[in-house]
Amino acid sequence: MSDGAVATTVFGVFMAGTVALGLAAVRGRGRQGGIAEWSVGGRSLGAVFIWVLMAGEGYTSFSYLGAAGWGYNYGAPVLYVVAYMSCGYAVGYVVGPMLWAYARRHGLVSISDMVAHRYGRPWLGAGVALLVTVFLLPYIQLQITGMGVVVSTISYGAISLDWAYFIGFAVTTGFVVVSGLRGSAWVSVLKDVLVVGTLAFLAVYVPLHYFDGYGPFLDRIVEEKSAWLTLPGSGGSPYGEAWFATTSLLNALTVVIFPTTVAGYLGARSADGLRRNAIWLPAYNVLLFVPMLLGMAALFVVPGLVGAESNLALFKLVVDSLPAWGVGVIGVAAALSSIVPMAVFMLVIGTMWGSSVLSLLPRWRTPQRQKLASQAVVVVAGALALALTYGAPNTLVRLSLISYEGMAQLVPILLLGLVWRKLTLVGALSGLVVGVGIVCGLVFTDHDPVLGVNAGILALAVNLAVALVVSYAGPADRADGRPDADVLARDPLDGPDDPHGPDDPDGPDGRGGSGEDVGAAGSAPGPGAR
């Protein structure tokens, strides 16, 4: 049997097991809870599942491909990933429980629901859902690209990139339509075991195999590639100190309201579990140093990769040095690092459209109809991302940055709006329009960074300034008699979130937060989101 056949057989067996695991996760639950069960796991996922699901945000296609590619191309600038994720977890310690309590109290399932409820305008939730979709599609494209590269590479070229992209789209779309957030959480456990195991193995194996250990490897980098060890990195890159600091700050603020992160928050059974996760999640980032270093190792083993080819840096080492079955196993870990986050991105888009857009139509307001509509939107969103993959390919990190810079513009309208009552609808919308316009103008005219500074944070600063000025100078929102408790979010440590308390079995969702243990069943009426 050829090497390609061996590797693809290993890959196929694991993919079949992944689909089976996703089906097992939702067995007996498919008719329960409508969109809430599908999109936020019935709000009953325990601490372990929430931990691996949210930790999985740090281990996507980017980990095996993009991080290694940027390590190969630039070196030190890629460390912004570790910086912003660690800082983001600290911010999430405060923000996560607030969003969890707000959504639970009002039966909300997505950030579009939260915005619509905060400002009392259902059409605003629909607009946010559309905007978020636009900025999430590049991230789905990133995962399709990553999985396509993996499948094509482990087949030793037998499967073309075009077919590999389609396989990634088909597998993930089918998986998320059937299994929802609960299935993604179950598969995250398998994914994380493989990711941690394979990266730990490669961290030891590659330096020993090619350089006789870390000492000679690091000595060679210092002597021959010293530019890769300092900012702004190699080749006169624009990613210097100012870019590193501003990007880390922007992404740390953005990651806590990123729709996929919020989906993890809302799937949790308790706010305290989210706080514990925020404490332990930074430890998960340690292994992110591995693909970055291995990307630099590839400089000496497979020199000359340019453009999008740099995404292959780590897998070139794998294919060059490991037997076919080992290539297959590492390919599975990398593929699952695409499938799980891509599934959640698609789930978020489907949920927002089902709960915030199509629910505006009277016939689509029941939970079951919203779920069906959401599943249909998942297929459409995946197909659009696939079309973008074919028609507008880009390097993986560039796609990631575009998504974050655009999503950052939602920070004032969502996060500030949930803690400051005086932020008006007109002010928040004005800032959002200006911020998104600046981001699009700078990114799509290749003016990012601007004078060494991340374009997204400049847009966010203007966004915030406009929102504040308009809110202070313009007319106040019309009084609607809503108390602060109905409009603003607060940390549930400050007091009960409802007359019964968020974890009381008589609370607003009819079952409180107790539930069963890790991955327990449960459902909550009303709209849901991740």
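Engineer: What's the story with unusual backbone geometry in this structure? I'm lost.
Structural biologist: Note: most peptide bonds trans; most residues except glycine with negative phi. In the segment running from L231 into P232, the intervening peptide bond is cis, with an omega of 10°. One can find P232 in the loop between α9 (214-224) and α10 (241-255). The residue after D448, namely P449, is reached through a cis peptide bond having omega 5°. For P449, the location among the structural elements is in the loop between α19 (425-443) and α20 (455-473). Backbone geometry at Y156 places phi at a positive 55°, although glycine is not the residue there. With respect to the element layout, Y156 can be found in the loop between α7 (122-154) and α8 (161-211). The residue D212 is not glycine, and still its phi comes out positive at about 65°. Tracing the sequence through the fold places D212 in the loop between α8 and α9. Given the relative accessible area of 67%, D212 is considered exposed.

Engineer: What exactly am I supposed to notice about the nonpolar core here?
Structural biologist: One broad trend across soluble globular proteins is that nonpolar side chains are buried collectively. Of all hydrophobic cores here, the largest spans 138 residues; its most connected members are Y64, M114, I140, L410 and I413. If one sorts the elements of this core by residue count, helix α15 (residues 324-357) sits on top with 19 residues. With residues up to four places along the chain from it excluded, the contact list for I140 reads M342, F345, M346, I349 and A385.

Engineer: Would you mind showing me how to read the side chain of T18 here?
Structural biologist: The residue T18 is located in helix α1 (residues 3-25) in this model. Look at T18 and you get buried, because its relative accessible area is 3%. Not counting chain neighbours up to four residues away, the residues in contact with T18 comprise F175, V187, L190 and L336.

Engineer: Hey, could you run me through helix α6 (residues 111-119) in this one?
Structural biologist: In an α-helix, one full turn covers 3.6 residues, which means residues spaced three or four apart are oriented alike. Counting buried residues along α6, eight of its nine residues qualify, which places the element largely inside the surrounding structure. Where α6 is concerned, the buried positions are I111, S112, D113, M114, V115, A116, R118 and Y119. Once α6 finishes, G120 follows within two positions and takes phi at roughly 65°, a positive value.

Engineer: Just to check I follow, could you spell out the pattern of salt bridges for this structure?
Structural biologist: Two side chains with opposite charge may pair up if their charged atoms get near one another. Scanning the model with the defined rule gives six salt bridges in all. Across the pair D272 and R275 runs a salt bridge, and its minimum N-O distance is 3.9 Å. With a gap of three residues between them, D272 and R275 both fall in helix α12 (residues 271-280), about one helical turn apart. According to the relative accessible area criterion, R275 is buried, its value standing at 6%.

Engineer: What is the right way to look at α7 in this model?
Structural biologist: Here α7 is 33 residues long and its end C-alpha atoms lie 47 Å apart, about the 48 Å a rise of 1.5 Å per residue gives. Along α7, the helix axis deviates most sharply at L136, where the bend reaches about 30°; the proline P138 sits within four residues downstream. Burial runs high along α7: 28 of the 33 residues are buried. Of the residues flanking the end of α7, it is Y156, one or two places downstream, whose phi is positive at about 55°.

Engineer: How should I be thinking about the packing of helix α5 (residues 80-106) against α12 in this particular structure?
Structural biologist: Geometry of a packed helix pair, given as the angle between the helix axes and the separation of the axes. Where α5 contacts α12, the two axes come as close as 8 Å, and the packing angle between them is 170°. Taken together, the axes of α5 and α12 lie roughly antiparallel to each other. Together, Y89, Y93, G96, P97 and W100 of α5 and A271, L274, R275, A278 and I279 of α12 make up the contact between the two elements. Classifying every residue of the contact of α5 with α12 by side-chain character gives eight nonpolar, one polar and one charged.

Engineer: What should I look at first to understand the environment of G456 in this one?
Structural biologist: By the element assignment, G456 lies in helix α20. Residue G456 is classed as buried on the basis of its relative accessible area, which comes to 0%. Taking the C-alpha atoms as reference points, G456 and G435, separated by 21 residues in sequence, lie 8.3 Å from one another.

Engineer: Even after reading the chapter, I still don't get the packing of α5 against helix α11 (residues 259-267), so can you show me in this structure?
Structural biologist: It is at 9 Å that the axes of α5 and α11 come closest, and there the two elements cross at 65°. Seen from above, α5 lies across α11 with right-handed handedness. Facing G92, G96, L99, W100 and A103 of α5, the residues of α11 in contact are V262, Y265 and L266. Split by residue class, the contact of α5 with α11 holds six nonpolar, two polar and no charged.

Engineer: Would you mind going over the packing of aromatic side chains with me for this structure?
Structural biologist: We describe a pair of aromatic rings using the distance from one ring centre to the other and the angle between the two ring planes. Under the definition given, this model contains 23 aromatic pairs. Summarising the aromatic geometry, the rings of W70 and Y239 are spaced 4.8 Å apart at their centres and angled 35° between planes, so their arrangement reads as tilted. Taken together, the residues W70 in helix α4 (residues 61-73) and Y239 in the loop between α9 and α10 connect sequence positions 169 residues apart. Taken individually, W70 and Y239 each receive the classification buried, so the pair is uniform in this respect. Joined through ring pairs, the aromatic side chains of W70, Y74, Y80, Y84, Y139, Y239, W243, F258, F345 and Y404 make up one cluster. In this structure, R118 packs its charged tip against the face of Y119, placed 4.5 Å from the ring centre.

Engineer: How should I be thinking about the environment of N454 in this particular structure?
Structural biologist: Turning to its location among the elements, N454 is positioned in the loop between α19 and α20. Residue classification places N454 among the buried residues on the basis of a relative accessible area of 0%. Not counting residues within four places of it along the chain, the set of residues in contact with N454 comprises W243, T246, T247, L250, E405, D448 and P449. In this structure the side chain of N454 is engaged in a polar contact, spanning 2.9 Å, whose partner is the side chain of T247.

Calculation rules
- Residues numbered from 1 in each chain as written.
- Predicted model: local features only at pLDDT ≥ 70, side-chain atom pairs only at ≥ 80, totals over all residues.
- Heavy atoms only, no water.
- Helix = DSSP H or I, 4+ residues; strand = E, 2+ residues; numbered from the N terminus.
- Buried < 20%, exposed > 50% of the residue type's maximum accessible area, 1.4 Å probe, protein only.
- Core = buried A, V, L, I, M, F, W, Y, C linked by side-chain atoms within 4.5 Å.
- Contact = heavy atoms within 4.5 Å.
- Salt bridge = Lys/Arg side-chain N within 4 Å of Asp/Glu carboxyl O.
- Expected span 1.5 Å × (residues − 1).
- Bend = angle between axes of the 7 residues up to and from the residue.
- Axes fitted to C-alpha atoms, helices over the stretch in contact; angles between N-to-C directions.
- Parallel < 35°, antiparallel > 145°, perpendicular 65-115°, else oblique.
- Nonpolar A, V, L, I, M, F, W, Y, C, P; charged D, E, K, R; others polar.
- Left-handed = near helix turned anticlockwise from the far one by under 90°.
- Phe/Tyr/Trp six-rings, centres within 6.5 Å; stacked < 30°, edge-to-face > 60°.
- Lys NZ or Arg CZ within 6 Å of the ring centre and 35° of its normal.
- Polar contact = N/O pair within 3.5 Å; in protein donor to acceptor, adjacent residues only side chain to side chain.

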